[in-house]
Structures are given as structure tokens and as C-alpha cells.
Amino acid sequence: MSPAFHAARRALLSDPLTNKGTAFIEAERDRFGLHGLLPPHVGTLESQIVRRRRVLDGMADDFHRYAFLRELQDSNEILFHALVQADLPRMLPLVYTPTVGAGCERFSEIWRKPRGLFLSYPNRGRIADILADPALDRVKVIVVSDGERILGLGDQGAGGMGIPIGKLALYTACAGLHPAEVLPILLDVGTDNAALRDDPLYVGWRNPRIRGQDYAAFVDTFVEAVAARWPNVLLQWEDFAGHNAYDLLARYRDRLLSFNDDIQGTAATAVGTLLSAIRRTGASLTGQRIVLFGAGAAGSGVAELLVQALRAEGLDEAAARARIWAVDRDGLILSDMPKLTAPQALLARDPAEVADWTRDADGGLGLLDTVQAVRPTVLIGASGQAGAFTEAVVRAMAAGCATPVIFPLSNPVSRAEAHPADVLAWTDGRAVVGTGSPFGVAGVTQVNNVYIFPGVGLGAIAAGATRVTDGMFMAAARALGAMGGAGDTLLPPIDALREVALHIAVVVAQAAVADGVATAPADALTAERIAALMWDARYD
Ligand SMILES: O=C([O-])CC(=O)C(=O)O
Ligand SMILES: [Mg+2]
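Residues numbered from 1 in each chain as written. Chains lettered and ligands numbered in written order. Predicted model: local features only at pLDDT ≥ 70, side-chain atom pairs only at ≥ 80, totals over all residues. Heavy atoms only, no water.

As a reminder, the rule being used: UniProt positions are given in the numbering used here, feature names are shortened, and annotations may be inferred rather than shown by experiment.
As annotated in an unreviewed UniProt entry, the chain carries the name NAD-dependent malic enzyme and is attributed to Sphingomonas liriopis. Looking at the Sequence similarities (unreviewed entry) heading of the UniProt record, one finds this comment for the chain: "Belongs to the malic enzymes family."

This is the structure we're talking about:
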């Protein structure tokens with residue numbers, strides 16, 4: 001064997017996209033010279049899954065399972081995806097929410113091998129060079145974060161990379177994107193989390209966050225480099241803090257194929273699930289009184305899609321907005337409050353409306369006051385405030401309506417506005433409950449944007465869409481709501497996520513055609529043709 005041949009056989013085993021471990025068959029071992037490097041047993045993908053499951057079963061906690069699975073992904077990507085795809089209900093909570101939260105908080109502890117790209121502020125002059133890597137020629141979907149609002153966990157700096165990695169694992173598991181077609185990116189502009197900066201193990205750039213003009217210029221450089229390298233790529237913004245989330249979406253959504261998952265994906269999921277709930281109870285959407293707790297990216301996104309859905313039912317804009325009361329840090333959002341963000345200003349209520357409401361001790365109108373005065377039928381939490389749906393709030397709501405719809409959507413489990421079992425207990429089982437994270441409580445629906453983003457991404461790509469329109473998200477929300485769930489749940493089960501993504505991809509692609517942003521021929525947008533694009537984790 002020549003030195004080059006030796007190097008090539010080792011490269012085959014160390015590249016996670018070509019490594020098959022013990023599943024290299026004899027003929028491959030002969031051809032690639034793998035004898036001696038592998039143990040003599042020839043396994044199969046199935047037997048490898050059994051072996052890995054046994055290790056997972058023996059581990060002490062989910063964080064270690066997460067770390068084990070990340071190492072597997074970096075050593076044998078086909079096996080990783082086959083393992084995930086074969087048992088989504090068990091694997092999703094390990095590679096994604098809620099365990100990915102700990103994966104981000106402890107990212108520096110478990111960083112081992114390169115995956116995706118860290119674009120740090122000091123490297124801002126090298127972005128185009130970094131993207132030029134030929135290994136990235138096939139990229140179709142990028143998920144990017146700057147780590148500032150990781151789930152409800154706040155600023156995780158470079159550790160936020162766990163989120164793009166996790167989201168893209170689901171693009172493969174649910175939407176069938178090949179692992180070489182997805183690229184996680186972390187824009188490392190520093191962190192304002194002082195504990196991280198002081199941690200000697202922290203792997204990110206130890207600097208306070210770059211803000212203002214410098215931040216905007218950095219992101220501009222990034223987006224221009226992406227658009228030049230992959231003109232048709234789908235760029236998904238994830239877990240940016242509220243103000244940046246809105247500004248970046250507004251700035252780039254008309255320049256390339258791009259959406260913000262926390263604003264638009266969460267909105268479509270919440271609205272779709274609400275439509276499913278309403279269909280079940282026979283109520284009308286226009287008859288709902290909706291209190292939204294948390295008016296950041298996710299909360300305002302939900303509000304705006306609700307307004308669209310209400311308008312589609314015949315309400316004018318003012319009447320649609322009148323169905324929604326938004327409560328944030330400073331209480332019910334009123335139009336005379338100082339420093340409202342643009343999305344909050346759209347949700348502000350007239351102070352005259354609350355003149356005779358009962359106020360709490362400090363004179364503000366908190367969530368409980370608002371619930372008592374409004375008597376909502378729907379309560380949605382997107383605040384990151386653990387336990388904000390207190391017993392008093394939930395009981396006040398249940399006193400005012402027969403079937404309260406209560407969605408504590410904040411992630412991970414530690415940031416949920418309420419535990420779903422408590423909500424059921426405080427409402428004598430009358431509530432229809434949906435949570436962002438999985439809790440394993442019977443009858444509770446997991447209302448997570450994993451029901452939407454893989455299908456939206458697949459549909460946009462299949463359609464050759466040039467933009468992601470509001471119509472595509474509304475179509476996704478309606479399709480999700482129409483699917484319904486089994487038993488008491490409002491959405492299809494997690495093990496149906498691949499079918500969900502395909503179904504949503506078809507309606508999203510059709511909406512792209514209807515909105516004039518598709519470039520693919522319409523006959524390429526059937527379920528059969530789109531299903532044929534989906535990759536299955538198997539060895540060649
Ligand atoms: O990641 C999740 O589970 C849902 C989401 O986008 C978020 O909470 O930011
Ligand atoms: Mg998110």
C-alpha cells in the first residue's frame with residue numbers, strides 16, 4: 001500500500017459521511033484496504049442501531065445521551081440519522097428540545113470536532129474564504145444563530161451552535177435533506193453572559209457583544225457572502241434576541257429565500273394547533289378572546305399570524321386586533337407606554353379600555369389582572385418565564401370559560417410557563433393544553449415549530465422558491481391544523497413527523513406558486529415528486 005492509499009483509507013473512516021464502521025462489507029474492505037483497521041465482524045445498519053441503543057439505555061441521564069449522540073453524528077452520520085429516524089419519539093427529546101438546551105449551556109465541555117461554521121467577529125474579513133470550502137458545494141439549507149436568545153435560556157454565546165445543529169438534524173430526520181445539504185452557522189459576535197466569558201473552558205470569542213452599526217455591517221457581510229456562494233439557499237434565522245430577530249427578518253426577507261423560525265415557524269405552529277383545537281370544540285376563531293403572554297419574537301409572530309387568520313374569517317384589521325391582549329414584562333401593553341418596539345406597538349391597547357380594571361398592588365396590570373378582566377378563552381405563553389401561569393392565573397381563566405385553551409410554549413422544560421399536569425389539575429381536566437417542550441403528559445400536545453419548519457423548508461426548496469411569503473406560512477398553519485391528532489391531542493404524533501413535513505411541503509410549494517415566487521414547474525410539486533427528493537438514512 002502506498003502512503004496515499006493509507007491516508008485515503010483512514011480518511012474514509014474519519015469522514016462521518018463515508019464512515020460505515022463495522023458495516024463495511026468484505027468487498028469494500030478488500031477494495032479500500034480496511035482490513036486490520038476494523039474488527040473482523042461485519043455488521044449491518046440494523047445491528048449498529050441495536051448496539052447504540054444499548055449504550056443509550058445504560059447511560060445515566062439525557063445530557064450524556066445528547067453528548068454521545070453528538071459524537072456519533074460526528075463519526076458516522078448515516079448511523080446517527082438512521083438511529084434518530086427509526087424512533088423519533090425517543091430520539092427527538094435527546095437531539096433537540098429539551099436536551100439541546102443543556103447541550104448549548106454545556107457546549108464548551110463537549111465540543112470535539114468541527115461541525116458547521118463558526119463565523120466570529122475577528123474573522124469578519126475571511127467569511128467568503130471560509131464559505132468557499134468545496135465540501136460545502138451541496139448546501140441547500142443554512143440555520144444561523146448568534147446565540148443571544150437560546151430557547152428561553154438567554155445568551156449562550158458560541159454555545160448557541162447547538163441549536164442550528166439540532167434544527168438541521170431535524171431537517172434530515174423529518175424533511176429528508178441529505179446531511180451534506182445542510183449547514184449550521186454560529187455568528188460569534190461575543191457574549192454578554194459574563195459567566196461564560198469568565199469560564200476558562202469557554203470556546204467562543206471572549207468579548208462583550210458587538211452591537212449597533214458594527215453588528216449590522218457584520219451580518220450584511222455574512223448575508224452577502226452566503227447569497228454569492230449559494231444564490232438559491234434557504235437561510236433560516238434562529239434564536240436571535242427579539243429586536244434583532246425582527247430587524248434581520250425585515251431586512252433580508254425580500255433579498256433572499258429566508259425566514260425566522262421563532263417568529264414565523266412558532267406562529268404557524270401555534271395558530272395551526274389553535275385551529276385544530278377550535279375545530280374540535282366547534283367554536284369559531286373570531287369568537288375567541290386571546291391573551292398572549294410574552295411579546296418578543298415568538299409572541300409578536302403569533303399575534304401577527306392570528307391577525308391574518310382572523311382577517312381571513314372576515315374581520316377588519318381593527319376588529320382582528322381587538323381579539324388579542326398582549327402582556328409583556330411591564331404588564332398589559334398599552335399605547336401610551338414608552339419604548340414599545342414596532343411589533344409591540346401594533347398590539348397595544350387603548351388605555352381608556354382599562355380605566356376601570358382592578359389593578360395589582362403596584363398599580364400595574366399584570367397577567368392575573370388581565371385574565372380576570374378579559375376572561376380569555378385562549379392563553380398563549382411565549383415569555384421564557386418559568387411558572388408565569390400560576391395557579392391563580394389558570395383558575396381565574398377556568399372560571400371564565402368552559403374549555404380553556406392554554407399553551408405554555410416556552411422552551412426548554414425549565415422555562416415553560418406552567419407544567420401541563422398542573423394546568424390540567426387546576427382546571428379539573430377541562431383545559432386543552434399544548435406545550436413547546438415534550439412533558440410526557442397524556443392528552444397534552446407538543447406545540448413545537450418542528451411541526452412546521454422542516455416542511456416549509458422542503459416545500460420552498462422543491463418549489464425553487466425565491467422568497468418565503470406570509471402566504472406560505474399561513475398555508476402551513478392551516479394544513480397542520482387540518483391534520484388534527486389522535487385521542488385528546490391536537491396534532492399528529494411525533495413519529496408521523498416525516499409525513500407531516502411532506503404534507504406541509506406540498507401545500508407550501510403550492511402557496512409559493514400561488515404567490516408567484518416559485519420557479520419549479522407545477523407538475524414537480526406533487527406529493528410523489530417531493531417525496532422522491534427526501535433522503536433516507538441508508539448506506540450506499
Ligand atoms: O427550539 C425549539 O424547541 C423551539 C424554538 O424554536 C425555540 O424555543 O426557540
Ligand atoms: Mg428557536
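**So, the overall build of the chain**
Let me state the cut-off plainly: Secondary structure elements follow DSSP: runs of H or I no shorter than four residues count as helices, runs of E no shorter than two count as strands, and numbering proceeds from the N terminus. Two things to know: the radius of gyration comes from C-alpha atoms, and the globule rule equals 2.2 Å times the number of residues to the power 0.38. Partly exposed describes any residue whose relative accessible area lies between the buried limit of under 20% and the exposed limit of over 50%, with all areas from a 1.4 Å probe on protein chains only and scaled to the type maximum. Residues are treated as being in contact if the distance between any of their heavy atoms lies within 4.5 Å. All accessibility values rest on the Shrake-Rupley procedure with a 1.4 Å probe; residue burial counts only the protein chains present in the view. Only four residue types enter the tally: Lys and Arg on the positive side, Asp and Glu on the negative side; His and the chain ends are excluded. Where a charge lies is defined by one atom per residue type: Lys uses NZ, Arg uses CZ, Asp uses CG and Glu uses CD.
Looking only at helices and strands, the chain has 24 helices and 12 strands in total. A compact globule built from 540 residues should have a C-alpha radius of gyration of about 24 Å, and the chain, at 24 Å, falls within 12% of that. Along the longest, intermediate and shortest principal axes, the C-alpha atoms of the chain span 85 × 50 × 50 Å. Taking all 540 residues of the chain together, the buried fraction comes to 57%. Restricting the contact set of the chain to residue pairs at least 6 apart, pairs at least 24 apart contribute 71%. As presented, the chain carries roughly 21,200 Å² of accessible surface, and 53% of it is formed by carbon and sulfur atoms. Averaged over its 49 positive side-chain charges, the chain has a centre that lies 4 Å from the centre of its 60 negative ones.

**Brief notes about the coordination of the magnesium ion (ligand 2)**
Heads up, the rule is: Counted as donors are the N, O and S atoms within 2.8 Å of the metal, or 3.2 Å for Na, K and Ca, while water is not among the atoms, so some sites may look incomplete.
The coordination sphere of the magnesium ion (ligand 2) contains the protein donors Glu-238 (OE), Asp-239 (OD) and Asp-262 (OD), at a distance range of 2.0 to 2.1 Å. Sequence spacing of the donors to the magnesium ion (ligand 2): E-D-x22-D. The two residues Glu-238 and Asp-239 agree in class, both being buried.

**Describing the site of ligand 1**
Quick note on the threshold: Proximity criterion: a residue is near a molecule or strand once any of its heavy atoms comes within 4 Å of it. Distance and chemistry together define a polar contact, namely a pair of N or O atoms within 3.5 Å, with one atom able to donate a hydrogen and the other to accept it when in protein, and with adjacent residues in sequence counting only for side-chain atoms on both sides. A 1.4 Å probe that fits but cannot get out identifies a cavity on a 1 Å grid over protein atoms alone, an open set with protein on both sides within 12 Å along at least five of seven lines counts as a pocket, and a residue lines either if it has an atom within 4 Å of a point. Any molecule with more than half of its atoms within 2 Å of a cavity's or pocket's grid points is counted as sitting in it.
Near ligand 1 you find Tyr-96, Thr-97, Arg-149, Leu-151, Lys-167, Glu-238, Asp-239, Asp-261, Asp-262, Asn-411, Asn-448 and Asn-449, and these make up its full shell. Within the side chain of Glu-238, an N or O atom sits 3.0 Å from an oxygen atom of ligand 1. Within the complex, 94% of the 260 Å² of free accessible area of ligand 1 lies under protein. Applying the majority rule of atoms within 2 Å of the grid points places ligand 1 in the largest pocket.

**Examining the packing of aromatic side chains**
Stated formally: A pair of aromatic rings is counted whenever rings of Phe, Tyr or Trp (Trp by its six-membered ring) have centres within 6.5 Å, and the orientation is called stacked for planes under 30 degrees apart, edge-to-face for over 60 and tilted otherwise.
Per the stated rule, a full pass over the model turns up eight aromatic pairs. Aromatic pair Trp-237 and Tyr-252: ring centres 5.6 Å apart, planes at 20°, arrangement stacked. Remark: Tyr-252 occurs in helix H13 (residues 242-252) and Trp-237 occurs in strand E4 (residues 234-237); sequence separation between them is 15 residues. Tyr-252 carries the same exposure label as Trp-237, and that label is buried. Through successive ring pairs, a cluster of aromatic residues spans Tyr-121, Trp-205 and Phe-218.

**A short note on unusual backbone geometry**
Put simply, Thr-97 and Pro-98 share a cis peptide bond, and its omega is 10°. With respect to the secondary-structure elements, Pro-98 resides in the loop between helix H6 (88-95) and helix H7 (99-105). Across the junction of Asn-411 and Pro-412, the peptide omega takes the value -10°, indicating a cis bond. Relative to the helices and strands, Pro-412 resides in the loop between strand E10 (405-408) and helix H20 (420-426). In the Ramachandran plot, Asp-239 falls in the positive-phi region, its phi being about 55° despite a non-glycine side chain. Along the chain, the position of Asp-239 falls in the loop between E4 and H13.

**What to know about the sheet that holds strand E5 (residues 258-260)**
Paired through backbone hydrogen bonds, the strands of a sheet run either parallel or antiparallel to each other. Selection rule: Strands were regarded as paired on the criterion that DSSP finds at least two bridges between them. Only the stretch in contact is used when a helix axis is fitted, and all axes are lines through C-alpha atoms; the angle between N-to-C directions ranges over 0 to 180 degrees.
Ordered in space as E1-E3-E2-E4-E5, the five strands form an open sheet in which the pairing is parallel. Edge strands, defined here as strands with exactly one partner in the open sheet, are strand E1 (117-120) and E5. Direction aside, the axes of adjacent strands within the sheet are offset by 20° on average. Pairing between strand E2 (residues 141-145) and strand E3 (residues 182-188): five bridges, direction parallel. In the strand pairing of E3, Ser-145 is matched with Leu-186. Across the sheet, helix H14 (residues 261-281) lies against E4 and E5, angled at about 75° from E5, the strand it touches most.

**Here's the deal with the nonpolar core**
Put simply, the test is: For our purposes a nonpolar core is just a set of buried Ala, Val, Leu, Ile, Met, Phe, Trp, Tyr and Cys residues, chained together by side-chain atoms within 4.5 Å.
Of all hydrophobic cores here, the largest spans 105 residues; its most connected members are Leu-69, Tyr-171, Leu-274, Val-450 and Met-472. Top contributing element to this core by residue count: helix H23 (residues 497-514), with 12 residues. Those residues in contact with Leu-274, other than ones at most four positions away along the chain, are Leu-285, Ile-290, Leu-306, Val-378, Val-405 and Phe-407. Among the nonpolar cores identified, the runner-up in size contains 33 residues, and Ile-185, Tyr-215, Val-219 and Leu-235 belong to it.

**Let's talk about the pattern of salt bridges**
Here is the rule we go by: By convention in these notes, a salt bridge is any Lys or Arg side-chain nitrogen within 4 Å of a carboxyl oxygen on Asp or Glu.
According to the stated counting rule, one finds 28 salt bridges in the structure shown. Measuring nitrogen to oxygen at the nearest pair gives 2.7 Å for the salt bridge that ties Asp-220 to Arg-251. Placement of Asp-220 in helix H12 (residues 212-229) and of Arg-251 in helix H13 is noted, with a sequence separation of 31 residues between them. Given a relative accessible area of 38%, Arg-251 falls into the partly exposed group.

**A closer look at the side chain of His-81**
Among the secondary structure elements, His-81 is positioned in helix H5 (residues 77-86). Not counting residues within four places of it along the chain, the set of residues in contact with His-81 comprises Gln-73, Ala-169, Thr-172, Pro-179, Trp-535 and Ala-537.

**Describing the confidence of the model for the chain**
Short version of the rule: Confidence per residue, as judged by the predictor, is encoded in pLDDT with a range of 0 to 100.
Scored by pLDDT, the chain has a mean of 97; 100% of the residues are at 70 or more. Prediction confidence for the complex, expressed as pTM and ipTM, is 0.97 and 0.99 respectively.

**Side note on the layout of surface pockets**
Our working rule: Grid points are joined across faces, edges and corners, and a volume is the space filled by probe spheres set on the points. Following the grouping adopted for this structure description, the nonpolar residues are Ala, Val, Leu, Ile, Met, Phe, Trp, Tyr, Cys and Pro, the charged ones are Asp, Glu, Lys and Arg, and the polar ones are all others, Gly among them.
Counted as a void, the largest pocket has a volume near 1,100 Å³. Considering the residues around the largest pocket, the lining is formed by 50 residues, among which Ala-295, Gly-296, Ala-297, Arg-329 and Ala-382 are closest to the centre. Along the lines of polarity and charge, the residues of the lining of the largest pocket split into 20 nonpolar, 20 polar and 10 charged. The space that makes up the second largest pocket amounts to roughly 530 Å³. Elements represented by at least two residues in the lining of the second largest pocket include exactly helix H4 (62-75), H5, helix H10 (162-175) and E3. For the lining of the second largest pocket, the element with the highest residue contribution is H10, accounting for four residues. Looking at the lining of the second largest pocket residue by residue, the classes come out as 15 nonpolar, four polar and six charged.

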